[in-house]
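A look at the structure
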Amino acid sequence: MKKYLPLIVLAVLAVLPLIGLSTYTMHMIILVIMWATVGMAWNLLAGYCGQVSFGHAAYFGVGAYTSGILYSHLNMSPWWGIPISIVVVTIFSFLLGLMVLRLRGPFFTLATLAMGEVMRVTAENLVWLTGGSTGILIRERTWIDKTHYYYIILAIAVVTFLVIKLLVRSKMGYYFMAIREDQDAAESLGINTTLYKTIALCISGALTGIAGAFYTNYMGYIDPEVVFALHDVSIVTIMIVMVGGVATLSGPFVGAAIMVLLAELVRSQLADLVRSMPSLGAAHQVFFGILLILIIIFLPNGIVGDFQKIKRMFRVGGACK
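Residues numbered from 1 in each chain as written. Predicted model: local features only at pLDDT ≥ 70, side-chain atom pairs only at ≥ 80, totals over all residues. Heavy atoms only, no water.

1. Section: the nonpolar core
Stated precisely, the cut-off is as follows: Throughout, nonpolar core names a set of buried Ala, Val, Leu, Ile, Met, Phe, Trp, Tyr and Cys residues whose side chains join them through atoms within 4.5 Å. Three exposure classes are used, based on accessible area relative to the maximum for each residue type with a 1.4 Å probe and protein chains only: buried under 20%, partly exposed in between, and exposed over 50%. Two residues form a contact once any of their heavy atoms are found within 4.5 Å.
Grouped together as the largest cluster of nonpolar side chains are 88 residues, with contacts concentrated most on Met34, Trp35, Tyr150 and Phe214. Beyond its immediate chain neighbours, meaning those up to four positions away, Trp35 contacts Asp232, Val233, Thr237, Ile240, Ala256 and Val260.

See below:
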């Protein structure tokens, strides 16, 4: 049964739009699948290769602006941004890797965080190219119905899942995990750690960029504060994987479902309070920060990684055994 679980889940997801879900429900599911895709991409680099990035907003934003610039400057369909972003973001990731992959541990993390902020400021100032703070608006939407968008992001998520699954179960995946466990020991065994970290970074960045390009087409509007946001992209991506399970294939899906739905619940409950007290507008971020601390303390491997532990916690009479 466990062997066929991914196929069962995929079959259920494939028929979901056919049961007459509301537009709002479809929107939420699309966001869950999109963020699961970004989470899987981050998990490849950080979970399997051990290179913890706080700058995935940079790849997401570059992918998003690839679609936006093709539309606004070249009069091309923004959907061309999805295949073209693979090339653009891979090159960007490679160039970034030349600078940051020489660093280790917290120094690497801080360098990626800085790069995300550098890209945000750059996009704000390159007004002739990006529109600056005004952003880019896609005036001609391809579809009004969300079903088409749903199947596109589902296909992207499935391809991302298969790519990462094949990678982590290949020889390259073992090299990634060897680097994660002990980079010096991996080098002593003859593994070219710089090469394989660069490969992991480029693949992770490209997959994130594809999600960014989809975001442009789906939402119809982007600006630097949205697609290069540290808290709404980079931090949310990390929380999705931490909650779902680091270095697990299904963890990002579980984490994305929890985080997206919980964020919407918290925001809807706080809506009236925010209108009367604008200072509470970021209260949900405080809530998620507390949630992340609790997850790290009690479920360090996430819900999927510590699923057996969770079962023991809730087993009837488990505390008495």
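2. Let's talk about helix α8 (residues 171-181)
Applied cut-off: Runs of E in the DSSP output that reach at least two residues are strands. Runs of H or I that reach at least four are helices, and both are numbered from the N terminus. It is the directions from the helix axis to the C-beta atoms that the arc portrays.
Inspection of α8 places Gly173, Phe176 and Ile179 among the buried residues, and these make up the whole buried set. Looking down the long axis of α8, one finds its buried residues gathered within 120° of arc, a one-sided arrangement. Exposed residues lying more than 90 degrees from the buried face of α8 are Lys171, Tyr174 and Glu181. Of the surrounding secondary structure, the elements contacted by the buried residues of α8 are α2 (23-48), α7 (147-168), α9 (183-188) and α10 (193-219).

3. Some remarks on the environment of Glu187
Filter applied, for reference: Polar contacts, as counted here, are pairs of nitrogen or oxygen atoms within 3.5 Å of one another; within protein the pair requires one atom able to donate a hydrogen and one able to accept it, and residues that are adjacent in sequence qualify only if both atoms are side-chain atoms.
Here Glu187 lies in helix α9. You can call Glu187 partly exposed: its relative accessible area is 36%. Among residues more than four places away in sequence, those in contact with Glu187 are Arg104 and Thr193. Here the side chain of Glu187 touches Thr193 through a polar contact of 2.8 Å, side chain to side chain.

4. So, the packing of aromatic side chains
The following threshold applies: In this scheme Phe, Tyr and Trp rings, the latter by its six-membered ring, pair at centre separations within 6.5 Å, and the angle between planes marks the pair as stacked below 30 degrees, edge-to-face above 60, and tilted otherwise.
In this structure the tally under the stated criterion is 13 aromatic pairs. Here Trp79 and Phe214 contribute two aromatic rings whose centre-to-centre distance is 6.4 Å and whose plane-to-plane angle is 55°, an arrangement assigned as tilted. In this pair, Trp79 sits in the loop between α3 (56-74) and α4 (81-100) while Phe214 sits in helix α10, placing the two residues 135 residues apart along the sequence. The exposure class of Trp79 is buried, given its relative accessible area of 17%. Assessed through its relative accessible area of 0%, Phe214 is described here as buried. Between Tyr150 and Tyr151, the ring centres sit 5.4 Å apart and the planes meet at 80°, which makes this aromatic pair edge-to-face. The buried category is assigned to Tyr150, whose relative accessible area is 0%. By relative accessible area, Tyr151 is classed as partly exposed at 31%. An aromatic cluster is defined as three or more aromatic residues linked by ring pairs; in this entry it consists of Trp79, Trp143, Tyr149, Phe214 and Tyr218.

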